[in-house]
Amino acid sequence: MGSNRTIVWFRRDLRIEDNPALAAAAKEGSIFPVYIWCPTEEGQFYPGRVSRWWLKHSLAHLNQSLKSLGAELVLIKTHSTLEALLECINAVQATKVVFNHLYDPVSLVRDHNIKEKLVELGISVQSYNGDLLYEPWEIYDERGHAFTTFDPFWNRCLHMQIKAVSIIPPWELVPAARTIKKCSIEDLGLEDESEKSSNALLGRAWSPGWSNADKALTEFIEQHLLHYSNNRLKVGGDSTSLLSPYLHFGELSVRKVFQLTRMKQILWANQGNSAGEESVTLFLRALGLREYSRYLCFNFPFTHERPLLGNLRFFPWNSDLTNFKAWRQGRTGYPLVDAGMRELWATGWIHNRIRVIVSSFAVKILLLPWRWGMKYFWDTLLDADLESDILGWQYISGSLPDGHELERLDDPEIQGVKFDPEGDYVRHWLPELARMPTEWIHHPWDAPLIVLRAAGVELGLNYPKPVIDIDLARQRLTEAIFKMWEAEAATKSACSDETNEVVVDNTNSVTNLAIPKVVLNTKAAHATISSNDQKVPTLQDPKNVVSPNKRSKCVEEGGQNQHNSQNHKNATEVSSIDHDVCSTAESSSRKKQKSTTCTSTYTFSVPQQCSSSSELKRSWQEQIDMEQSSSKDGKLPPLKFSQKIEK
Ligand SMILES: Cc1cc2nc3c(=O)[nH]c(=O)nc-3n(C[C@H](O)[C@H](O)[C@H](O)COP(=O)(O)OP(=O)(O)OC[C@H]3O[C@@H](n4cnc5c(N)ncnc54)[C@H](O)[C@@H]3O)c2cc1C
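My aim in this report is to walk through the structure given alongside it, one point at a time.

The rules behind these values
Residues numbered from 1 in each chain as written. Predicted model: local features only at pLDDT ≥ 70, side-chain atom pairs only at ≥ 80, totals over all residues. Heavy atoms only, no water. Helix = DSSP H or I, 4+ residues; strand = E, 2+ residues; numbered from the N terminus. Buried < 20%, exposed > 50% of the residue type's maximum accessible area, 1.4 Å probe, protein only. Areas by Shrake-Rupley, 256 points an atom, 1.4 Å probe, with all protein chains shown as cover. Expected span 1.5 Å × (residues − 1). Pairing = 2+ DSSP bridges. Axes fitted to C-alpha atoms, helices over the stretch in contact; angles between N-to-C directions. Contact = heavy atoms within 4.5 Å. Core = buried A, V, L, I, M, F, W, Y, C linked by side-chain atoms within 4.5 Å. Salt bridge = Lys/Arg side-chain N within 4 Å of Asp/Glu carboxyl O. Phe/Tyr/Trp six-rings, centres within 6.5 Å; stacked < 30°, edge-to-face > 60°. Lys NZ or Arg CZ within 6 Å of the ring centre and 35° of its normal. Near = heavy atom within 4 Å. Polar contact = N/O pair within 3.5 Å; in protein donor to acceptor, adjacent residues only side chain to side chain. Nonpolar A, V, L, I, M, F, W, Y, C, P; charged D, E, K, R; others polar. Domains from an automatic or database assignment.

1. A short note on the overall build of the protein chain
A count of helices and strands for the protein chain gives 29 helices and 7 strands. Within the protein chain, the proportion of its 647 residues that are buried is 59%. As displayed, the protein chain offers around 25,700 Å² of accessible surface, 52% of which is attributable to carbon and sulfur atoms.

2. A few points about helix α15 (residues 352-365)
Note: α-helices contain 3.6 residues per turn, so residues at a spacing of three or four share the same orientation. Taking 1.5 Å per residue, 14 residues should reach 20 Å; α15 reaches 19 Å between its end C-alpha atoms and fits that length. Among the 14 residues in α15, 13 count as buried, and that is most of the element. After α15 finishes, the residue Leu 367 shows a positive phi value of roughly 60 degrees.

3. Focus on the sheet that holds strand β3 (residues 74-77)
Taken together, 5 strands build an open sheet; the order of strands is β3-β2-β1-β4-β5 and the sheet is parallel. Lying at the two open borders of the sheet, with one neighbouring strand each, are β3 and β5 (124-128). Strand-to-strand, the axes of this sheet are offset by a mean angle of 25 degrees, without reference to chain direction. Sheet topology places strand β1 (residues 4-10) next to strand β2 (residues 29-37); 7 bridges connect them, and they run parallel. When the sheet's bridge partners are listed, Asn 4 is paired in β2 with Gly 29. Across the sheet, helix α4 (residues 81-92) is in contact with β1, β2, β3 and β4 (96-100); its angle to β1 comes to roughly 155 degrees. Along the sheet, helix α5 (residues 105-120) makes contact with β1, β4 and β5, crossing β5 at roughly 150 degrees.

4. Thoughts on the nonpolar core
Core analysis: the largest hydrophobic core is formed by 79 residues, its most contacted members being Phe 10, Tyr 35, Leu 59, Phe 153 and Trp 154. Per-element accounting of this core gives the leading share, 10 residues, to helix α12 (residues 274-299).

5. A short note on the pattern of salt bridges
The full count for this structure, using the stated rule, is 26 salt bridges. Its salt-bridge partner being Arg 255, residue Asp 18 comes within 3.1 Å of it at the nearest N-O pair. With a gap of 237 residues between them, Asp 18 in the loop between β1 and α1 (20-28) and Arg 255 in helix α11 (residues 254-270) connect regions that are remote in the sequence. A residue is classified by how much of its surface remains accessible, and Asp 18, at 3% relative accessible area, is buried. As a salt-bridge pair, Arg 408 and Asp 410 come within 2.9 Å of each other at their nearest N and O atoms. Arg 408 gets classed as partly exposed once you look at its relative accessible area, which sits at 24%. Classification of Asp 410 by relative accessible area gives buried; the value is 17%.

6. Observations concerning the packing of aromatic side chains
Using the criterion set out here, one finds 33 aromatic pairs in the structure. Pairwise contacts between aromatic rings join Tyr 134, Tyr 140, Phe 150, Phe 153, Trp 154, Tyr 292 and Tyr 295 into one cluster. One Lys or Arg, Arg 328, reaches over the ring of Phe 324 and ends 4.4 Å from the middle of that ring.

7. Some remarks on the site of the ligand
Every one of the 28 residues lining the ligand counts as a neighbour, but Tyr 228, Thr 240, Ser 241, Leu 242 and Asn 352 are closest to it. Between the ligand and Leu 242 there is a distance of 2.7 Å, counted from an oxygen atom to a backbone nitrogen or oxygen. Side-chain polar atom of Asn 352 to an oxygen atom of the ligand: 2.7 Å apart, as the coordinates give it. Elements represented by at least two residues in the shell around the ligand include exactly α10 (244-248), α12, α15 and α17 (386-396). Across the shell around the ligand, the residue classes break down as 16 nonpolar, 7 polar and 5 charged. Shared between two domains, the shell around the ligand holds at least three residues of each, these being domain 2 (131-168 + 211-299) and domain 3 (321-473).

This is the structure in structure tokens:
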């Protein structure tokens, strides 16, 4: 062990085992582990109640583990992460700072700036891959361009070598001699007093912390993995691994999950157990989607505010706050959707299929802006993960080349019959429908009055009538798509007049359409003099690549877009990502590939707030304030959505 003093900056890597930053620091000398909580820097992506609850417990768990190894986790609450790091460096006379990479748009910018500043000040900084199987800058197509569809991305990944897992944790950590002003876990303020009673319920179902993550993984691999292929589509119960919160907070090394799963695959292959092999393949694909979400955010760091495809730029969203509220509160009158939204509210977690159903309902039936839904999920999910959330919402909104078609509208009644055939899921989450016969449970509005009466259901009183008729919704979606195409065509012709004017979509001030080409900026790596370091992508100047012929021209130009053109050809095929991500829809991208542009600007900035108009934000705030006061009667917990937006 050397004599260096290293600050280990923990973020979303709250584990001991296979933690490359921690292991490297421990090898070189004494370490000073620190967690810095900086609410102001979280901006609009300040974590929601359940997510903060998880973080609090996970930090406490990690602290105990580090103590038992000889070093305490120092908790700091601050207004500036950089300042807090500098304070730590001065206090312990540290020579080095290490951390594991994050890839979400907010962290990418913050980490890059901090790294540059520290290096400028002569402090050595080293960062590591602690979150992924493959770094997003390692996977490019033959021409060196980023993939924009999942299948070729994952195929390429599976042919790459994964770095070895260091299962054994550091034997002993030596704490740095002096300490700085630290705070207790309570002082961090991750849990408000008013939230504690609701949060207590979460503790019954979930146990945060890396050693609990390990137990959950072992149990899943030993007992459930074999049946994953058959069970993963069942919406009730624990049909999937339930590992997402652990993976989000880095309590589990994804390399370890991959490795243990692969071992099972080999074992089952030897035994000729094809069901087991298939389960592993599908489960690994799920991990692949997580990789892909980070890959997209790294290579296209605008995706939290603007879709990857520009197809929605002219979509006439219906920014209706009453509908948005009905959706959030599970009062749309569509039982499967309402059950899903109530489960989300109550438990902070819902099955992938339910996520698809409720998100598609918001976008395609209520025509609510996809970013509203994305932000609401961010605020309410226990596993709220910006990259996966972005991937999910863009996928269902027709904004990814291999995602759902925008024009496809799934009827929640039919989905209910298909995925909750006995109605048990609905009955569980909607007690007011508990006595409805199975025949009517997914469409109570069709039930004869006598049946409704016998079940104690009074539509419009104790359970809402459908917020919109499904045929009308279908018609409105079609009209909206036509309007979108018209607006697109109008802009196209305006552009041919050589004007530089840009028309933006009605919720988005960021402009552009085609998928930009990404090149890797190696400057950052030079600045920190390390091959492990976080790379930074740069977007090629769109003015140089986007011609008036827009997407189709772009498709020819970019190597990545070879895949897009392949997508065009396979427009009617069902993509395999569909089965994994959002298996209720067919995949095609012909129409969405019609996107056009004239002038584009690409931003790569830390979002401070949603770009919807301030007027809208104000009325939204008023609405939510009302909702919060009305929720005090105990019916539903208060929302945090607009509070965050205003931050
Ligand atoms: C609209 C929408 C929003 C979503 N938001 C989130 C989110 O905020 N956080 C989140 O972790 N997942 C999100 N997902 C993805 C997915 O629903 C969850 O990862 C999954 O349901 C978690 O359950 P599990 O751990 O039992 O998954 P399993 O099926 O057991 O999969 C294992 C792991 O693979 C990863 N994974 C599986 N499916 C996906 C996927 N579609 N995209 C990305 N990673 C995946 C997760 O890390 C998961 O824990 C979203 C999906 C949609 C459609």
